[in-house]
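# Structural overview for review
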Amino acid sequence: MEIKHLKKYHSEFVGIFVFVFYLITVGRSIGEIDSGELAMAQATLSIPHPTGYPFFSFLGFIFSKIPLPFSTLFKLNILNSIWCALTVVVVIKTSFLLLKNLQIIFNKKFLRDDNFNFTNDSGLRIISVFSGLMFGFSATFWLQSTKVEVYALQIFITSLIIYSTIKIAINSFQKESIKEQNYKNILKDGFQIALLIGLGFSNHLMTIYLLPALVFTFIFLYGINKESIKAFSFLTIIIFAVAVLFYLGLMFRAQMSPPWSYGDPSNVERLIEHVTAKEYSKYLLDSTDGLTKQGSKLLKMLSFNFNDGTISLGEFALSLFLGIAGILLIFVFRKEFASFFLLIKFFSITTALSYSIPDINEYFLVIFLVISICAILPLIIIFNFVHSKKLFKYIFYSGLLFLIIIQVLSNFDYANRSKFYVIEDFFKSFVNSLPENSIFLTDNWASILSPALYYQNVEKLRPDVNFISPSGYIQFEWYRKIKKHKLYDSSYVIIPKENLFVAYDVGYRIIGKNILKLPPHYSLIPLRNFYVLGIDTVYYPLKQEPNEIRFSENITNESEKYIRALIPTILEQRLLYELEFKQYLNAKIVFEELLRRFPEYKLSENTLQALYHYKILN
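Quick look at the structure, then. What you are looking at is a predicted structure, and each value in this text was computed from that prediction instead of being measured. (Residues numbered from 1 in each chain as written. Predicted model: local features only at pLDDT ≥ 70, side-chain atom pairs only at ≥ 80, totals over all residues. Heavy atoms only, no water.)

### What to know about the overall build of the protein chain
The criterion, for reference: The numbering of helices and of strands both runs from the N terminus, where a helix is a DSSP run of H or I of at least 4 residues and a strand a run of E of at least 2. All radius of gyration figures rest on C-alpha atoms, and the globule criterion is 2.2 Å times the number of residues raised to 0.38. Only protein chains enter the calculation, and the probe is 1.4 Å; a residue is then buried if its accessible area is under 20% of its type maximum, exposed if over 50%, and partly exposed in between. Every residue pair with non-hydrogen atoms within 4.5 Å of one another is taken to be in contact. For the accessible areas, the method is Shrake-Rupley and the probe is 1.4 Å, while residue cover comes only from the protein chains on display.
Along the backbone of the protein chain there are 27 helices and five strands. Relative to a compact globule of 618 residues, whose C-alpha radius of gyration would be 25 Å, the protein chain shows 28 Å and is just as compact. Projecting the C-alpha coordinates of the protein chain onto the three principal axes gives extents of approximately 90 × 60 × 50 Å. Here the protein chain, with 618 residues, has 55% of them falling under the buried criterion. Summarising the internal contacts of the protein chain: among those between residues at least 6 apart in sequence, 75% fall at separations of at least 24. Accessible surface computed for the protein chain: about 28,300 Å², of which carbon and sulfur atoms make up 61%.

Take a look at the structure:
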């Protein structure tokens, strides 16, 4: 009985195993880029950046209220592990469904001479499990299980849509009822998928990747006739109604003045701009150079890299070869199934490549999902030749296990966020050193603004500090309305205020490029992690104590690289500032801190000459 249940629920058991594995690598602290803002949006039911992700925020809000013995942030990180583990379950079910119906899904020409006449149920289950694990431990997807992001839920919904569509298609072929369905039967088939599409659009517009393949499948299954058009129209209304319901919730919530309301979608016009991501339209590519750049990122993600003394085996490690073979073998599917997967691949790639954003990796997740499912094709062909020979069969199973182990080992360091505290330590180290009611200017979303939204609004850490994005203040009327600060005059000269601090990014990009100007006789005084706006003839002592930051042993993300380079850069500037004001003892203290904390950092020639000149360095 136990073995029977193990077979029946093999995908669920594997999902539990994967979830436990994800718990080993899930972040205990805040993640990079949008994680802080999105965690705050879930915890407080606030409105994050476009497109607003109302379904994501709603589910996270409910989950955050479950009385678990963890911090709110850790609970929300775990929620992403749950979505990813559930996705693995669905991928296994999808692969097993395809494998159990080879006679239906395979091209009849390929099946001639009874090439596939075995009934080894265990072998089919093992191959389907490999497909799920191949996707579950791919680098970018695994990373989604470790931090708060919208993509884990999105890919779970996507996997359900693909599974449900394939199941309906197979059932239609089995019943030989293609193009003979009536209105009620079509609605019965399509209601679940329509609901999922509506929820998908309520979470992320990436759902659009699937639409051409879904429309094609609908036309093939039901044809174009009065009954199918009537059913299609009703299903479209369901999709629209579900999505509109959630997005209208954004507008009503914005009218309640939540802790954060990006874009202030409190009326229909602003809501439409927010949902359609009008603000991000500038990122749509308009040149072949942009397409080439994003395409090279995709190839880099998939390729092996042995440069700089490091080894990277890409998204899938050696399993990639099975995925590539699966894509090449996709035409062993009968044309309906081949077209379904090819359309998803084509529109996923072309849509993702047309969007010029730095964090493009997650936009390729749908492609990686299809690659993982298609990996069953070369495996089932190989297994057909070895399944009747016990020795070869176990060599085959061992080979699959070896590929998964290699993939896990290859991607573990990249995905592991269990000891990732860099952003938390960096943020807390400087925000706790700021005077009461300080104003802090920064455009650094990943390491400062996004974490600030979470820590200030959820953990109530230094809510008195007012973080302002100069770029947001200049560009967006809604942002000036929220901040209610007069930051600069009509000539874009910063208005001096007490306790006005400036981050490196603003000093370099906004002030350094004269977008905003410093008032006369003022300059940016380097402190430890940032600057203070001060009178250039007055000496400002370094009152902050150095705070240790827990850097990772293997730095794999851009936020940590940035922080690791930022701190010694400003410390070097502080060193020169101390020398300028003849504070030689303080200069020596700063120099010794630089050596102790960042021994690999290389001082500039000018700084070295100054150190020799003042006999701080012999």
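Let us keep going from here.
### Observations regarding helix 19 (residues 390-415)
In plain terms, the rule: In this scheme, a helix's expected span is set at 1.5 Å multiplied by one less than its residue total.
With 26 residues, helix 19 should reach 38 Å at 1.5 Å per residue; the first-to-last C-alpha distance of 37 Å fits that figure. Considered for burial, the residues of helix 19 that qualify are Lys393, Phe396, Tyr397, Leu400, Leu403, Ile404, Gln407, Val408, Asn411 and Ala415. Along its buried surface, helix 19 packs onto helix 2 (10-25), helix 7 (121-136), helix 8 (139-144), helix 15 (320-328) and helix 18 (376-386).

### Quick notes on the side chain of Ser81
Note on placement: Ser81 falls in helix 5 (residues 72-100). Filtering out sequence-adjacent residues up to four positions away, Ser81 remains in contact with Phe19, Tyr22, Val26 and Ser145.

### Things to note about empty space enclosed by the protein
If you roll a probe as big as a water molecule over the atoms, it shows you where there is empty space left. As a reminder, the rule being used: Put simply, the grid is 1 Å and covers the protein atoms alone, a cavity is a trapped set of points that fit a 1.4 Å probe, a pocket is an open set with protein on both sides within 12 Å along at least five of seven lines, and lining residues have an atom within 4 Å of a point. Grid points are joined across faces, edges and corners, and a volume is the space filled by probe spheres set on the points. Residues are sorted three ways: Asp, Glu, Lys and Arg are charged, Ala, Val, Leu, Ile, Met, Phe, Trp, Tyr, Cys and Pro are nonpolar, and all the rest, Gly among them, are polar.
Scanning the entire structure with this criterion turns up four cavities of 30 Å³ or more. As a volume, the largest cavity reaches approximately 90 Å³. Forming the walls of the largest cavity are Thr165, Ile166, Ala169, Phe173, Phe216, Thr217, Phe220, Leu221, Glu336, Phe337 and Phe340. Of all the elements in the fold, those that place two or more residues in the lining of the largest cavity are helix 9 (151-175), helix 11 (211-222) and helix 16 (335-353). Residue classes in the lining of the largest cavity are distributed as eight nonpolar, two polar and one charged.

### Describing the environment of Lys188
Examined against the element boundaries, Lys188 turns out to sit in helix 10 (residues 183-203). C-alpha of Lys188 to C-alpha of Leu608: the two residues are 420 residues apart in sequence and 76 Å apart in space.

### Looking at unusual backbone geometry
In this model, Pro50 is joined to Thr51 through a cis peptide bond whose omega is 15 degrees. Residue placement: Thr51 occurs in the loop between helix 3 (35-44) and helix 4 (54-64). Positive phi values are uncommon outside glycine, yet Lys615 reaches one of about 60 degrees.

### As for helix 26 (residues 584-597)
Let me state the cut-off plainly: Summarising the geometry, the arc corresponds to the directions from the helix axis toward the C-beta atoms.
Compared with an ideal rise of 1.5 Å per residue, which puts 14 residues at 20 Å, helix 26 spans 20 Å between its outermost C-alpha atoms and is within 8% of the ideal. Taken as a whole, helix 26 has its buried residues at Ala587, Val590, Phe591, Glu593, Leu594 and Arg597. Mapping the buried residues of helix 26 onto a view down its axis gives an arc of 160 degrees, with all of them on the same face. Residues of helix 26 that are buried sit in contact with helix 25 (558-580) and helix 27 (605-613).

### Concerning the packing of helix 4 against helix 5
Rules: Axis definition: a line fitted to C-alpha atoms, limited for helices to the stretch in contact. Angles are taken between N-to-C directions and run from 0 to 180 degrees. When an angle is under 35 degrees it counts as roughly parallel; over 145 it counts as roughly antiparallel; between 65 and 115 it counts as roughly perpendicular; any other value is oblique. What makes a crossing left-handed is the near helix being turned counterclockwise from the far one by less than a right angle; a clockwise turn instead makes it right-handed.
Running from amino to carboxyl end, helix 4 crosses helix 5 at an angle of 120 degrees, the nearest separation of the two axes being 10 Å. One way to sum up the angle between helix 4 and helix 5 is to call them oblique. Where helix 4 crosses over helix 5, the handedness of that crossing is right-handed. Residues Leu59, Gly60, Phe63 and Ser64 of helix 4 lie in contact with helix 5, whose contacting residues are Thr72, Lys75, Leu76, Leu79, Ile82 and Trp83. Among the residues forming the contact of helix 4 with helix 5, the class breakdown is six nonpolar, three polar and one charged.

### Notes on the packing of aromatic side chains
Rule in force here: Any pair of Phe, Tyr and Trp rings, taking the six-membered ring for Trp, is counted once the centres come within 6.5 Å. Such a pair is stacked with planes under 30 degrees apart, edge-to-face with planes over 60 apart, and tilted for the rest. In our convention, an over-ring charge means Lys NZ or Arg CZ found within 6 Å of a ring centre and within 35 degrees of that ring's normal.
Counting across every chain of the model gives 48 aromatic pairs. Between the aromatic rings of Trp478 and Tyr479, the centroid separation amounts to 5.6 Å while the plane-to-plane angle is 85 degrees, which identifies the pairing as edge-to-face. In this pair, the class of Trp478 matches that of Tyr479, namely buried. In textbook terms, an aromatic cluster arises when at least three aromatic residues are bridged by ring pairs, as seen for Phe426, Phe427, Phe430, Phe440, Tyr454, Tyr455, Phe467, Phe501 and Phe530. Sitting over the ring of Tyr394, Lys393 keeps its end group 5.5 Å from the ring centre. The residue whose ring lies beneath Arg550 is Tyr421, and the NZ or CZ to ring-centre distance is 4.0 Å.

### Re a nonpolar patch on the surface
Heads up, the rule is: A patch is a set of surface residues, each over 30% in relative accessible area and not in a salt bridge, joined within 9 Å for like charges and within 5 Å for the nonpolar side chains Val, Leu, Ile, Met, Phe, Trp and Tyr. Each salt bridge in this description consists of a side-chain nitrogen of Lys or Arg and a carboxyl oxygen of Asp or Glu lying within 4 Å of one another.
Nonpolar side chains collect at one region of the surface, where Val215, Ile219, Ile224, Ile229 and Phe232 lie side by side and expose about 430 Å² of accessible area between them. Put simply, the parts of the chain that give the nonpolar patch at least two residues each are helix 11 and helix 12 (226-254). Tracing the backbone through its elements, the reader meets Phe232 in helix 12. Accessibility expressed as a relative area gives 35% for Phe232, which makes it partly exposed.

### Some thoughts on the sheet that holds strand 2 (residues 466-468)
Picture the strands of a sheet paired through backbone hydrogen bonds; they go either parallel or antiparallel. Rules: In short, DSSP must find at least two bridges between two strands for them to pair.
One open sheet accounts for five strands, arranged 2-1-3-5-4; its pairing is mixed. What marks the edges here is a single partner per strand, and that holds for strand 2 and strand 4 (522-526). Neighbour-to-neighbour, the strand axes of this sheet turn through a mean angle of 35 degrees, independent of strand direction. As judged from the three bridges shared by strand 1 (residues 439-441) and strand 3 (residues 500-502), these two strands associate in the parallel manner. Its bridge partner lying in strand 3, Ile439 is registered against Leu500. On top of the sheet, helix 24 (residues 504-511) reaches strand 1, strand 3, strand 4 and strand 5 (531-535); it is set at about 80 degrees to strand 3, its chief contact. Strands strand 4 and strand 5 of the sheet are contacted by helix 25, whose axis makes an angle of about 115 degrees with strand 4.

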